[in-house]
Structure formats: structure tokens, C-alpha cells
Amino acid sequence: MSQRYLVTGGCGFIGSHLVDALIADGSQVVVLDDLSTGQRSNLTDAAELIVGDIRDQDLLVQVSEGCGGIFHLAAIASVPKCTQQWRDSHSINLSASIGIFELAASLNIPVVYTSFSAVYGDVERTPIGEDDPKLPISAYRADKYAMELHASAGARNRNLRSFGLRFFNVYGQRQDPSSPYSGVIAVFMRLALDGAPVTVHGSGEQVRDFVYVADMVEACRAAMKRLQGHQAASAEVINVCTGKATSIQMLKRF
Ligand code: NAD
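Because the structure is predicted, anything quoted here is derived from the model rather than measured.

**Q** For this particular structure, what's the right way to read the site of the ligand?
**A** As a structural note, the neighbourhood of the ligand is formed by 28 residues, with I14, D33, T37, T114 and Y140 the closest of them. S36 is positioned such that a nitrogen or oxygen atom in its backbone is 3.1 Å from an oxygen atom of the ligand. Interatomic distance of 2.9 Å between a backbone N/O atom of L73 and an oxygen atom of the ligand. For the shell around the ligand, the elements supplying multiple residues, two or more each, are α1 (13-24), β5 (111-116), α5 (139-158) and β7 (169-171). The leading source of residues in the shell around the ligand is β5, at 3 residues. Its residues assigned to classes, the shell around the ligand comprises 15 nonpolar, 9 polar and 4 charged.

**Q** Just checking my understanding: could you explain the packing of aromatic side chains for this structure?
**A** Overall, the coordinates contain 4 aromatic pairs when judged by the stated rule. Ring geometry for Y171 versus Y212: centroids 5.5 Å apart, planes at 45°, classification tilted. Here Y212 lies in strand β9 (residues 210-212) and Y171 lies in strand β7, a separation of 41 residues in the sequence. For Y171, a relative accessible area of 27% puts it in the partly exposed group. With a relative accessible area of 29%, Y212 lands in the partly exposed category.

Calculation notes
Residues numbered from 1 in each chain as written. Predicted model: local features only at pLDDT ≥ 70, side-chain atom pairs only at ≥ 80, totals over all residues. Heavy atoms only, no water. Near = heavy atom within 4 Å. Polar contact = N/O pair within 3.5 Å; in protein donor to acceptor, adjacent residues only side chain to side chain. Helix = DSSP H or I, 4+ residues; strand = E, 2+ residues; numbered from the N terminus. Nonpolar A, V, L, I, M, F, W, Y, C, P; charged D, E, K, R; others polar. Phe/Tyr/Trp six-rings, centres within 6.5 Å; stacked < 30°, edge-to-face > 60°. Buried < 20%, exposed > 50% of the residue type's maximum accessible area, 1.4 Å probe, protein only.

What follows is the structure, encoded as C-alpha cells:
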């Protein structure tokens with residue numbers, strides 16, 4: 001699938017791994033990132049970096065020139081931050097995403113975007129099916145679920161070809177352990193490497209479905225390949241998970 005791609009949020013934890021994989025495939029990659037949480041140092045020199053905001057529609061039009069597809073990962077990816085900065089995070093996580101859908105539809109190119117497992121609410125059971133009831137009870141989750149609804153509307157009304165991936169709890173290299181919003185595996189790893197005690201909040205019996213970042217990258221690439229295989233409007237959404245529950249206490253024992 002080598003060609004030119006736009007990756008929004010390509011300096012972030014997951015986006016930078018996706019960029020590495022696309023470059024390894026022989027693709028050209030242009031990254032649009034405002035470096036709000038992403039790091040320039042995450043990005044390989046082989047990718048072109050445009051520092052800017054995905055809310056800037058003129059810039060989006062410019063950077064997508066010659067691209068055969070868009071991977072949209074830029075977001076304020078933190079539940080508490082989205083609650084505190086409600087309107088601002090909404091303008092990035094939903095309004096700018098609609099801008100990207102609109103652009104992809106007008107260029108007739110596919111877009112793969114990231115949703116979130118928590119659209120189902122705080123469910124502890126695994127596995128969770130795609131058609132299970134949704135309970136997006138925070139600003140972040142509401143915007144992620146609304147993205148899926150807009151992608152579906154875009155398919156019906158504007159011939160948009162999109163693929164939404166509901167990411168579960170991702171872990172791997174470049175996840176920032178110093179962030180207060182970081183994943184628990186990155187935090188535990190940092191504490192262990194520092195020789196500090198690993199503290200579990202609550203009973204530790206709460207379970208999560210942890211997925212390695214390389215598997216997320218594979219899911220993104222497979223979704224793009226699928227969209228490139230046809231010209232019909234589509235708005236598929238799938239879970240990207242293992243189906244295995246791991247409790248925080250189990251994690252601590254590793
Ligand atoms: P991240 O914070 O490392 O990456 C997000 C990137 O988007 C950063 O590089 C940031 O600088 C950039 N960005 C933020 N606002 C921007 C804006 N207005 N304009 C341009 N760039 C902007 O987060 P991540 O963990 O790599 O998450 C990537 C995607 O996956 C996000 O959409 C997130 O919601 C989703 N996701 C992540 C997880 C997880 O466990 N990490 C789980 C579910 C969904």
C-alpha cells in the first residue's frame with residue numbers, strides 16, 4: 001500500500017509507530033501535529049512534519065495534496081483533560097474530525113480514524129461486541145462516539161469512505177509515563193525501572209483489555225487497505241482488542 005498518506009497526530013505515541021510502519025512499507029508520509037502532547041523526537045526524519053492545528057481547514061487542504069488516504073489520530077486523548085477543557089477539546093476531537101471527513105469526501109480518498117472502547121461506558125466484562133449498548137458518559141467518549149455517527153452520516157450523504165477503530169488500552173514504547181493521563185503499564189514500568197514501589201489505587205481487581213501498539217498499527221493499515229479495495233461509501237467501525245481481561249493486580253505481579 002505504498003503511496004502518500006497524511007497522518008494527523010503522527011508525533012504522538014500511537015501515530016509515530018504508524019508512521020514508522022508506513023515508511024517501512026515505502027510510503028511517503030506527511031504528518032500534521034501541533035506538538036501539544038506529541039514529540040518531534042518520536043518522528044523519523046523520513047516523514048515530513050507540518051506543525052499546525054487540525055482545526056485549520058486551509059492547512060488541512062494544503063497538507064493533504066497528493067495524498068491517497070488519511071489516518072486521523074490527532075486528539076486530546078485524555079478523559080480528565082476533555083472534561084476540564086470541554087469546549088476546546090470538542091472543537092479538536094469532534095469539529096476538526098468532521099473537517100477531516102469533509103475533506104476526505106471532497107477528495108474522494110479514504111480515512112481511517114481512532115475511536116475508543118469507552119464508548120461502551122465503564123464495562124468490566126470481556127469480550128465486548130461492537131453492537132453492545134453505548135454509554136459515552138464523558139466529553140471525550142461522547143466526541144469519539146459522535147465521530148462514528150458523523151462518519152456514518154458522511155457515508156450516506158457525501159459518499160465518505162471511512163473506517164473507525166475502537167482502540168482499547170494501548171501500551172508500548174513512547175507512551176509518556178510522566179503524563180498524569182498515561183496508561184497504567186507505562187506508569188508501572190517507570191516505577192519499576194526507578195526501583196520505586198508500585199501502588200495500586202482501589203482493589204486492583206478492575207480489569208482492562210491491553211493491546212500492544214504494533215497490533216494497533218496493523219489494524220490501521222489493514223483498515224486502509226480494505227478501504228482502498230473499493231470505491232463505495234462505507235463507515236465500518238470495529239473493536240481493536242484481545243478479548244482478554246487483565247486485572248491491575250495481575251499487571252503488578254508481572
Ligand atoms: P497522543 O496524545 O500521544 O497523540 C495525539 C497526538 O495528537 C499528539 O501528537 C498531539 O500533539 C496531537 N494533537 C492533539 N491536538 C492536536 C491538534 N489540535 N492539531 C494537531 N495535532 C494535535 O495520544 P495516543 O495515545 O497516541 O492516541 C492517538 C489516538 O488514539 C487518539 O485519537 C486517541 O483518542 C486514540 N486512542 C488512544 C488510546 C490509548 O490507549 N492510547 C485508546 C483509545 C483511543
